[in-house]
Amino acid sequence: KPSAAEGSAAPAAPAPLPTNESSERLLKIRHSSAHVMAMAVQRLFPDVQVTIGPWIEKGFYYDFFVPDGRVFTDEDLKKIKKEMDRIGRERLEFRREEVSREEARARIEAIGEPFKLEILDSIKTEPITIYHIGDQWWDLCAGPHVEHTAQLPAKAIQLESVNGAYWRGDESRPMLQRIYGTAWESKDQLKEHKRLMEEAKKRDHRVLGKKLNLFSIQDEAGGGLVFWHPKGALVRSKMENFWKDVHTEYGYDYLYTPHMANLDLWKTSGHWDFYQEGMFDQMDVEKEIYQIKPMNCPFHVLTYKNEMRSYRDLPVRYAELGTVYRYERSGTLHGLMRVRGFTQDDGHIFCLPEQVTDEIVATLDLTEDILGRFGFTEYKVMLSTRPEKSVGGDELWDLATDSLKDALGRKGWDFEVDEGGGAFYGPKIDIKIKDAIGRTWQCSTVQADFQLPSRFDLEYTTSEGTKERPIMIHRAIFGSIERFFGVLIESTAGDLPLWLPPGQIRLPPPAHGGPEGAEGGAKEGRKRGP
């Protein structure tokens, strides 16, 4: 059985740490720490230009443009932190100011910070808000912040690392330097955070995957493409077989669909208009343009459409372990967690309007059954609503959103709302699972879709003989096999659930050699096997 990294299988129970959502004070500390860090950098390195500096899940970062090309070092981080502490002792006030767009532009041009001009142009609301630190530094910002710099707990703030980042994530734009920091409410919280980070290093799925010989990513083949080794492939096979068995119990029919399709299919589905940046380049096949698939949805839609449907046939439930390919910049690739080719445990349900809530509830039940089998029983549930780029009218979006809310209510699940986080074709429930050391990972999703059935002219015959559109539900439980496997490795520190690992039992070799005994029998069995 693949075993855990030494000393990491049974960590001490993590003390609960606050989050940005649970503590407004913590959020303000992190946001204000980002501004103070940027101020400190510009005090020490006056030629450096600032770009963006948000709070993030465990702290904050700021992106800097360094004209002379110098790279921030660990020694620089120490100097910057020391300057931050000095700013804290100065007890400088955080002051909010509202200005016109023209005034903001004039001030930015006066200090010669072109990146701020681009940020200003991206702000669509009026008036423009600026936050000052004393009378010495300011930035475009909507807040919130602490009242003054002395409210920042210096011993609970630490600068962690420097990475490169292209401006706006575009390789054709200038390379920036991103300084990451972490910030907490107390020194004890920082200490616990550091303990958890050390524990996470021990559990890194990339390290354990190599140590246990489960998978690799080969440079010769290209980044983001996973090679499953025999042991890893055996574990994956067990996962997939379990997944198929449970889906059969829940009334799904299993599909296999192509890996590419004519580009017109993706134009009809809307992916070409709304997801083009995540798709690989097209290929010419006998003067027709084909697209390698980034999604499985249109293929399931065409399978449904292949025959006439009656209301008696619905719901129709399709499931597929379908491999998809999505363009990811090389700098974003990360082991199994962010790849370019991966297998979604995809499912699509076509149902009557009165069946929607029941089907969503059943999908959430299925999600509980599958995740629980792997030891994941704690979730954070998000209801993601209509994004800025989307298709369809408000009425259909409201109906879809209400269906998801009703299902969550019937399950008795608490949820938070992620405004604008839905798919372009419909709202969704996102489920983030909590691992053994308290981290959350995006995993399952359930999406209600009133749009694709219309775009593909899907129909069923009602009891009155008329034609109506079915409702479509998209759902994935693992999310992807690769990512879920990576999360499982890290949560268990490689000590996988007993039913999964290869080589669970090893018998000792015979005492006196020869073909008989455990080892000899195993060899003979391999010779006789298929």
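A brief structural summary. (Residues numbered from 1 in each chain as written. Predicted model: local features only at pLDDT ≥ 70, side-chain atom pairs only at ≥ 80, totals over all residues. Heavy atoms only, no water.)

1. Notes on the overall build of the protein
The number of helices and strands found in the protein is 15 helices and 23 strands. Overall, the protein is about 80 × 75 × 55 Å in size when its C-alpha atoms are taken along their principal axes. Within the span of the protein, comprising 530 residues, buried residues form 50% of the whole. In the protein, the share of contacts with a sequence separation of at least 24, taken over all contacts with a separation of at least 6, comes to 72%. For the protein, the exposed area adds up to about 25800 Å²; of that, 49% sits on carbon and sulfur atoms. Distance from the positive charge centre (71 side chains) to the negative charge centre (84 side chains) of the protein: 6 Å. (Helix = DSSP H or I, 4+ residues; strand = E, 2+ residues; numbered from the N terminus. Buried < 20%, exposed > 50% of the residue type's maximum accessible area, 1.4 Å probe, protein only. Contact = heavy atoms within 4.5 Å. Areas by Shrake-Rupley, 256 points an atom, 1.4 Å probe, with all protein chains shown as cover. Lys, Arg positive; Asp, Glu negative; His and termini not counted. Charge placed at Lys NZ, Arg CZ, Asp CG, Glu CD.)

2. What to know about the pattern of salt bridges
In total, this model carries 38 salt bridges according to the counting rule given. Of the charged contacts in the structure, one is a salt bridge between Asp-204 and Arg-206, with a shortest N-O distance of 2.7 Å. Taking the relative accessible area as the measure of exposure, Asp-204 reaches 13% and is therefore buried. Residue classification places Arg-206 among the partly exposed residues on the basis of a relative accessible area of 40%. Between Arg-236 and Glu-240 there is a salt bridge; the shortest N-O distance is 2.7 Å. Here the residue Arg-236 and the residue Glu-240 both occupy positions in helix α7 (residues 230–249), the gap between them amounting to four residues, near one helical turn. Linked by salt bridges that have partners in common, Arg-43, Glu-83, Arg-86 and Glu-90 make up one network. (Salt bridge = Lys/Arg side-chain N within 4 Å of Asp/Glu carboxyl O.)

3. Things to note about the layout of surface pockets
Space inside the second largest pocket adds up to approximately 1100 Å³. Tyr-275, Met-295, Arg-326, Gln-344 and Lys-428 are the residues nearest the centre of the second largest pocket, which is lined by 35 residues in total. Taken together, the residues of the lining of the second largest pocket sort by class into 14 nonpolar, 11 polar and 10 charged. (1 Å grid on protein atoms, 1.4 Å probe; cavity = no way out; pocket = protein on both sides within 12 Å on 5 of 7 lines; lining within 4 Å. Points joined across faces, edges and corners; volume = space filled by probe spheres on them. Nonpolar A, V, L, I, M, F, W, Y, C, P; charged D, E, K, R; others polar.)

4. So, the packing of α7 against helix α11 (residues 356–373)
Helix-helix packing: each pair is described by the crossing angle between the helix axes and the interaxial distance. Two elements in contact, α7 and α11, have axes separated by 11 Å at closest approach and are oriented at 155°. With respect to their mutual orientation, α7 and α11 come out roughly antiparallel. Considering the relative orientation of α7 and α11, their crossing is right-handed. Judged by residue contacts, Phe-242, Trp-243, Val-246 and His-247 of α7 engage Leu-366, Asp-369, Ile-370 and Arg-373 from α11. (Axes fitted to C-alpha atoms, helices over the stretch in contact; angles between N-to-C directions. Parallel < 35°, antiparallel > 145°, perpendicular 65-115°, else oblique. Left-handed = near helix turned anticlockwise from the far one by under 90°.)

5. Here's the deal with the sheet that holds strand β20 (residues 440–449)
Read from one edge to the other, the open sheet built from eight strands follows the order β11-β15-β16-β23-β20-β19-β17-β18, with strand pairing classed as mixed. The outermost strands of the open sheet, each flanked by one partner alone, are β11 (253–254) and β18 (416–418). Two elements, strand β17 (residues 379–384) and strand β19 (residues 428–434), share six bridges in a ladder whose sense is antiparallel. In the sheet register, Tyr-379 faces β19, and the bridge partner there is Ile-433. The strands touched by helix α12 (residues 394–411) are β17, β19 and β20; relative to β17, the strand with the most contacts, the crossing angle is about 155°. Here helix α14 (residues 481–492) sits on the sheet in contact with β15 (316–325), β16 (341–351), β19 and β20, set at roughly 145° to β20. (Pairing = 2+ DSSP bridges.)

6. Regarding the packing of helix α1 (residues 24–44) against helix α2 (residues 74–89)
Contact geometry for α1 and α2: axes closest at 8 Å, N-to-C directions at 115°. If you check the angle between α1 and α2, you find them roughly perpendicular. Between α1 and α2 lies a crossing of right-handed hand. The segment α1 lies against α2, with Ser-33, Val-36, Met-37, Met-39, Ala-40, Val-41, Arg-43 and Leu-44 engaging Lys-79, Ile-80, Glu-83, Met-84 and Ile-87. Of the residues belonging to the contact of α1 with α2, the class tally is nine nonpolar, one polar and three charged.

7. Considering unusual backbone geometry
For the peptide bond that leads from Glu-126 to Pro-127, omega is -5°, which places it in the cis range. Of note, Pro-127 is situated in the loop between α4 (114–122) and β5 (128–133). The amide bond that connects Gly-143 to the next residue, Pro-144, takes the cis arrangement and shows omega of 5°. For Pro-144, the location among the structural elements is in the loop between β6 (137–140) and β7 (157–166). A positive phi angle is found at Arg-91, which is not glycine, with a value near 55°. Checked against the element boundaries, Arg-91 lands in the loop between α2 and β4 (94–99). For Arg-91, a relative accessible area of 54% puts it in the exposed group. A positive phi is found at Asn-213, a non-glycine position, where the angle reads about 60°. On the secondary structure map, Asn-213 appears in the loop between α6 (205–211) and β9 (215–217).

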